[in-house]
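# Overview (structure and organization)
Each chain, letter by letter, is given below.
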Amino acid sequence: MERRAFLLGSAVLALAPCVALPQARRLRVSATRQNLVGATHPATEVWTYNGSVPGPELRFKQGERLKLEVENALGVDTTVHWHGVRLPNAMDGVPGVTQAPIASRGGRFVYEFDLPDAGTYWYHPHLGDGEQLGRGLFGALVVEERDPPPVDRDLVWVLSDWRLDREARIRPDFGNAMDASHAGRIGNTVTLNGVVPDSFGVRAGERVRLRLVNASSARIYALNFEGHEPWVIALDGHPVAPHWFQRVVLGPGMRADVILDCTAAPGSLHRVVDDFYRGRAYELLKIRYGAEKPLRTSFEPAPRLAANPVKQPAEHAERHRIVLGGGMMGALPNQQEHKGIFWTVNGKPLPHGGHDHAPLLSLKLGQSYVVELVNETSWHHPMHLHGHVFRVLSKNGKEVLPRQWADTVLLDPRSRAEIALVADNPGNWMLHCHVLEHQATGMMALVRVA
């Protein structure tokens, strides 16, 4: 079928540049209407930062200080979480843990913190069951290197998905038990940067840096750039040794910086295919080459980025084990005692609103730790730790190479991973599954660093 011949039951794709606001000083949270699925369909009512989905692309230089006032014009409370940024605990945007919610209809809050690490990050609310994210509240935060690598273009692709009806309205069935106990709220419409073109235009011989952000609440992406060999140079904002993967896999909340060398012939077309889910592959977009003469006929090796100032964990570290349980086809918590709670961490179901429970882990400031994450469920879980980054040491007993820092690690069903970190940021920090329906129904905990 032609891509434009259908809307629902597959995916409608969007691609447009994010709106960059290098010196933005204010984010206003409000509702508006935006055309997500093309001019032949109605506009969709969405929730936005500064009137657009995604919100403004915030660009700063490494070491600069971010200061933004958030004004909430919605009819519900909200917060802003700065995903992946190592910041003071009071700026983390978790209601009931680090701040009171920003009140509806006029509440304000000022976020202010330094940006120690270069990389690709993003911002979104941290309140409720994923509805605010699912209605459009997300945006990219780019912290540029002091000495960035030479590229012809540096672009952000924010991937998100939506559950729409045939009038392009967002379906209001957030937080339903089927989504929460299975794979989460996976939409029927995929967008890139909030609009729908047919293709991504390039010129032969150009080098493009693509900053990929998965802003979906549950969907996992596996991007295959047909006819190209994109080099991954950073994961979750932090540099890695340049390497090529046939598929760039991103769980919810995860990011990847890739170098796309446009080596194909002028006038050619090449697909980018998302094929993560078996039997449900689709064409995300076409890379369309212009007819111009190539900018260059050969490329330098992919650049290796300078490391961020992250402390290396000690060789001998205290060990902990965290077991994820529950979910459909698993050991569901007793629904008479824990109605609407479907997941457990170390055997305990912890609802999203239950922030007054004891920390799962109490870590000593400055000490090194190795944590084994064990997924005993039948579902994927992208586990995200606030305020820190960690080394992904191994998955299922096999060393992860090249070595990488991350703030989110994707656990396959019935799998395990080992991560190592230095607990160098004091406060109470969230550890949770970034399938937000899982987080809201039990798969979350607190880690205390003191």
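Note that this is a predicted model, so its numbers are computed, not measured.

This part takes up the overall build of the chain. Of regular secondary structure, the chain possesses 3 helices and 33 strands. For 450 residues, the compact-globule estimate of 2.2 N^0.38 gives 22 Å, and the C-alpha radius of gyration of the chain, at 21 Å, lies within 12% of that figure. Dimensions of the chain, computed from C-alpha atoms along their principal axes, come out at roughly 65 × 50 × 45 Å. When each of the 450 residues of the chain is scored for burial, the buried share is 60%. Within the chain, contacts between residues at least 6 apart in sequence are counted, and of these 77% link residues at least 24 apart. Accessible surface for the chain amounts to roughly 17,900 Å². Of this, 51% is attributable to carbon and sulfur atoms. With 49 positive and 47 negative side-chain charges, the chain shows a separation of 1 Å between the mean positions of the two kinds.

On to unusual backbone geometry, then. Residues Val 53 and Pro 54 are joined by a peptide bond in cis, for which omega reads -5°. Checked against the element boundaries, Pro 54 lands in the loop between β2 (44-49) and β3 (58-61). With an omega of -5°, the peptide bond running from Leu 401 to Pro 402 counts as cis. Mapped onto the elements, Pro 402 comes out in the loop between β27 (398-399) and β28 (405-406).

Following the criterion strictly, the structure yields 9 aromatic pairs and no others. Between Phe 109 and Tyr 111, the aromatic rings sit 4.6 Å apart at their centres with planes inclined by 55°, giving tilted as the arrangement. Taking 6.4 Å as the distance between ring centres and 20° as the angle between the ring planes, the aromatic pair formed by Trp 157 and Phe 225 counts as stacked. Here Trp 157 is found in strand β9 (residues 153-162), whereas its partner Phe 225 is found in strand β13 (residues 221-225), with 68 residues between them in sequence.

To summarise the sheet geometry, strands pair through backbone hydrogen bonds and adopt either a parallel or an antiparallel arrangement. Here we have 5 strands laid out as an open sheet, ordered β23-β33-β31-β25-β29, and mixed in their pairing. Two strands close off the open sheet at either side, each with one partner strand: β23 (361-363) and β29 (408-411). In this sheet, adjacent strand axes meet at a mean angle of 20° when their direction is disregarded. Strand direction decides the pairing type here: strand β25 (residues 381-385) and β29, joined by 4 bridges, are antiparallel. Bridge pairing in β29 links His 381 to Leu 411.

What follows is about the sheet that holds strand β10 (residues 189-192). Ordered in space as β10-β9-β12-β17-β14-β15, the 6 strands form an open sheet in which the pairing is mixed. In the strand order of this sheet, the two ends are held by β10 and β15 (238-244), each with one partner. Averaged over all pairs of adjacent strands, the angle between their axes in this sheet comes to 25°, without regard to strand direction. Alignment of β9 against β10, held across 4 bridges, turns out to be antiparallel. Residue Asp 161 lies in a different strand from β10, and its bridge partner there is Val 190.

Here we take up the environment of Trp 82. Within the element layout of this structure, Trp 82 appears in strand β5 (residues 81-83). Judged by relative accessible area, which is 0%, Trp 82 ranks as buried. With 41 residues separating them in the primary sequence, Trp 82 and Tyr 123 have C-alpha atoms 4.6 Å apart. For Trp 82, the contacting residues outside a window of four places in its chain are Leu 27, Leu 58, Leu 66, Leu 68, Leu 87, Met 91, Asp 92, Tyr 111, Phe 113, Trp 122, Tyr 123 and Leu 141.

Moving on to the nonpolar core. A general tendency of soluble globular proteins is for nonpolar side chains to be buried together. Residues Trp 82, Phe 113, Leu 141, Leu 210, Leu 284 and Met 383 are the most contacted members of the largest nonpolar core, which totals 94 residues. Of the residues forming this core, the biggest block, 5 residues, is contributed by strand β19 (residues 282-289). Not counting the four nearest positions on each side in its chain, Met 383 is found in contact with Leu 324, Leu 373, Phe 390, Asp 407, Thr 408, Val 409, Leu 411, Leu 431, His 432, Cys 433 and Met 443. Formed by 19 residues, the second largest nonpolar core is a distinct cluster that contains Val 142, Ile 170, Phe 174 and Leu 436.

What follows covers the pattern of salt bridges. If you walk through the whole model with that rule in mind, you get 35 salt bridges. Of the charged contacts, one joins Glu 71 and Arg 108 as a salt bridge, the two residues approaching to 3.8 Å between their closest N and O atoms. Pair noted here: Glu 71 is in strand β4 (residues 65-72) and Arg 108 is in strand β6 (residues 107-114), with a separation of 37 residues, a long-range link. By relative accessible area, Glu 71 is classed as buried at 10%. A relative accessible area of 47% means that Arg 108 is categorised as partly exposed. The partner of Lys 286 in a salt bridge is Glu 283, and the shortest N-O contact between them spans 3.1 Å. Beyond isolated ion pairs, a larger network of salt bridges with shared partners links Glu 57, Arg 59, Lys 61, Glu 144, Glu 145, Asp 154, Arg 209, Arg 211 and Asp 257.

Looking now at the side chain of His 432. Looking at the element boundaries, His 432 is found in strand β31 (residues 427-433). Judged by its relative accessible area of 0%, His 432 falls in the buried class. Here His 386 takes part through its side chain, which lies 3.2 Å from a polar atom of the side chain of His 432. Those residues within four positions of His 432 in sequence are excluded, and the remaining contacts are His 126, Pro 382, Met 383, His 384, His 386, Gln 439, Met 443 and Met 444.

Rules of the game
- Residues numbered from 1 in each chain as written.
- Predicted model: local features only at pLDDT ≥ 70, side-chain atom pairs only at ≥ 80, totals over all residues.
- Heavy atoms only, no water.
- Helix = DSSP H or I, 4+ residues; strand = E, 2+ residues; numbered from the N terminus.
- Rg over C-alpha atoms; globule rule 2.2 N^0.38 Å.
- Buried < 20%, exposed > 50% of the residue type's maximum accessible area, 1.4 Å probe, protein only.
- Contact = heavy atoms within 4.5 Å.
- Areas by Shrake-Rupley, 256 points an atom, 1.4 Å probe, with all protein chains shown as cover.
- Lys, Arg positive; Asp, Glu negative; His and termini not counted.
- Charge placed at Lys NZ, Arg CZ, Asp CG, Glu CD.
- Phe/Tyr/Trp six-rings, centres within 6.5 Å; stacked < 30°, edge-to-face > 60°.
- Pairing = 2+ DSSP bridges.
- Axes fitted to C-alpha atoms, helices over the stretch in contact; angles between N-to-C directions.
- Core = buried A, V, L, I, M, F, W, Y, C linked by side-chain atoms within 4.5 Å.
- Salt bridge = Lys/Arg side-chain N within 4 Å of Asp/Glu carboxyl O.
- Polar contact = N/O pair within 3.5 Å; in protein donor to acceptor, adjacent residues only side chain to side chain.

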